[in-house]
Amino acid sequence: MSRGNFEAARRDFVKARDLNPDLPTPHHALGLLAEQQGSGAEAERFYRAALKVDPGFAPARINLARGLFGRGALEEAREQFLRATQVAPDFADGWAGLCETLLRLERVDDAKEVLAVARRRFGAIASFELLEARLLLRKSAYGAAEERLWPLVRSPDRGKVSAALSWIAIARLGEGDVAGAVAAAGRAMSIDPEDAVARYALETARHAQ
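Residues numbered from 1 in each chain as written. Predicted model: local features only at pLDDT ≥ 70, side-chain atom pairs only at ≥ 80, totals over all residues. Heavy atoms only, no water.

A. Representation of the overall build of the chain. Counting its secondary structure elements, the chain contains twelve helices and zero strands. When the helices and strands of the chain are read in sequence order from the N terminus, they spell out α-α-α-α-α-α-α-α-α-α-α-α. Buried positions account for 43% of the 209 residues belonging to the chain. Sequence-distant contacts in the chain: of pairs separated by 6 or more residues, those separated by 24 or more amount to 46%. (Helix = DSSP H or I, 4+ residues; strand = E, 2+ residues; numbered from the N terminus. Buried < 20%, exposed > 50% of the residue type's maximum accessible area, 1.4 Å probe, protein only. Contact = heavy atoms within 4.5 Å.)

B. Quick peek at the packing of helix H7 (residues 108-122) against helix H8 (residues 126-138). At a closest axis distance of 11 Å, the pairing of H7 and H8 adopts a crossing angle of 145°. The handedness of the crossing between H7 and H8 is left-handed. Contact residues: Val 108, Lys 112, Leu 115, Ala 118, Arg 119 and Phe 122 in H7; Phe 128, Glu 129, Leu 131, Glu 132, Leu 135 and Arg 138 in H8. Class assignment of the residues belonging to the contact of H7 with H8 gives a composition of seven nonpolar, no polar and five charged. (Axes fitted to C-alpha atoms, helices over the stretch in contact; angles between N-to-C directions. Left-handed = near helix turned anticlockwise from the far one by under 90°. Nonpolar A, V, L, I, M, F, W, Y, C, P; charged D, E, K, R; others polar.)

C. Representation of the nonpolar core in the model. By size, the foremost hydrophobic cluster in this structure holds 22 residues, and its most contacted members are Leu 130, Leu 137, Leu 149, Val 153, Ala 164, Trp 167 and Ala 185. Residue assignment for this core shows that the elements contributing at least two residues are H8, helix H9 (142-149), helix H10 (158-175), helix H11 (178-191) and helix H12 (196-208). Looking at which element gives the most residues to this core, the answer is H10, with eight residues. Within the second largest apolar cluster, 19 residues are counted, among which are Ala 65, Ala 84, Ala 118 and Leu 135. (Core = buried A, V, L, I, M, F, W, Y, C linked by side-chain atoms within 4.5 Å.)

D. Structural detail: the packing of helix H2 (residues 24-36) against helix H3 (residues 40-53). Following both chains from N to C, one finds H2 and H3 inclined at 165°, their axes separated by 8 Å at the closest point. Between H2 and H3, the crossing angle belongs to the class labelled roughly antiparallel. Judged by the sense of rotation from one axis to the other, the crossing of H2 with H3 is left-handed. Within the contact between the two elements, H2 uses Pro 24, His 27, His 28, Leu 30, Gly 31, Leu 32, Ala 34 and Glu 35 and H3 uses Glu 42, Ala 43, Phe 46, Tyr 47, Ala 49, Ala 50 and Val 53. The residue makeup of the contact of H2 with H3, split by class, is ten nonpolar, three polar and two charged. (Parallel < 35°, antiparallel > 145°, perpendicular 65-115°, else oblique.)

E. Representation of the environment of Arg 119. Among the structural elements, Arg 119 can be located in helix H7. For Arg 119 and Glu 132, which are 13 residues apart along the polypeptide, the C-alpha to C-alpha distance reads 9.8 Å. Leaving out residues up to four positions away in the same chain, Arg 119 has contacts with Ala 124, Phe 128, Glu 129, Glu 132 and Arg 148.

F. Molecular detail of unusual backbone geometry. For Glu 106, which is not glycine, the phi dihedral falls at a positive 65°. Tracing the chain through its elements places Glu 106 in the loop between helix H6 (92-104) and H7. Unlike most non-glycine residues, Ser 140 shows phi in positive territory, near 60°. The topology assignment puts Ser 140 in the loop between H8 and H9.

And the structure:
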C-alpha cells in the first residue's frame, strides 16, 4: 500500500471508529494498518481497544495473541489464545496458536492435549498437521514426521509449503541425511527467504558437511 493510500485508509477508519465507537471492526482495521506499517505496539493498542468493545471479537483476539507471541510475551500470548478458543471455539487459528505457544513454553503434554481436542473438532487441517509433525520430531520419529509433512508440500498456500519443507529439513538432519536437509531447506528459502527454521537447518547442515 502506498503512503497516500495508507493515510487515506487510516483517515477513513478513524472516521468510522469515531462514528461507531461501540463497534470492534474499525479499531481492528486500524490495528491491521498499524501492523502493516511495522508498528506492533500501536497495533496492539488498537486490538485491545476492539476487545474492550467486544471481548468475543475473535480476529482482534487472535491478532493480539500473535503479536504478543512475536515479541516473546509467551505467557500473555497463551492467555489470549486460550481466551480465543473459549469465546470463538470455531476459529481454528486460536487452537493452533495455543498449541504453538505451549510448545514454545515447553509445555509439551499440554500442547498434545490441545492438539488432540483441535483435531477432533476440525480434522486434519494443515496447521495441525505441521504441529503434529513437530511433536513427532520431538520424539525423534523423523520418518513419521516427514511422512506427515509431505502432503503439505502440495498445498496451494506457499507459506504452508515453506513451513513443511523447513521441518522436513529438520527431520532429515535428525536422520543424518545432510544433503537432503540442504535440498529441502533450500526449497523452503526459495519461497520464504526469511524462514528461520530453514535458515537454521541450512546452517546446521553446512557445519555437518
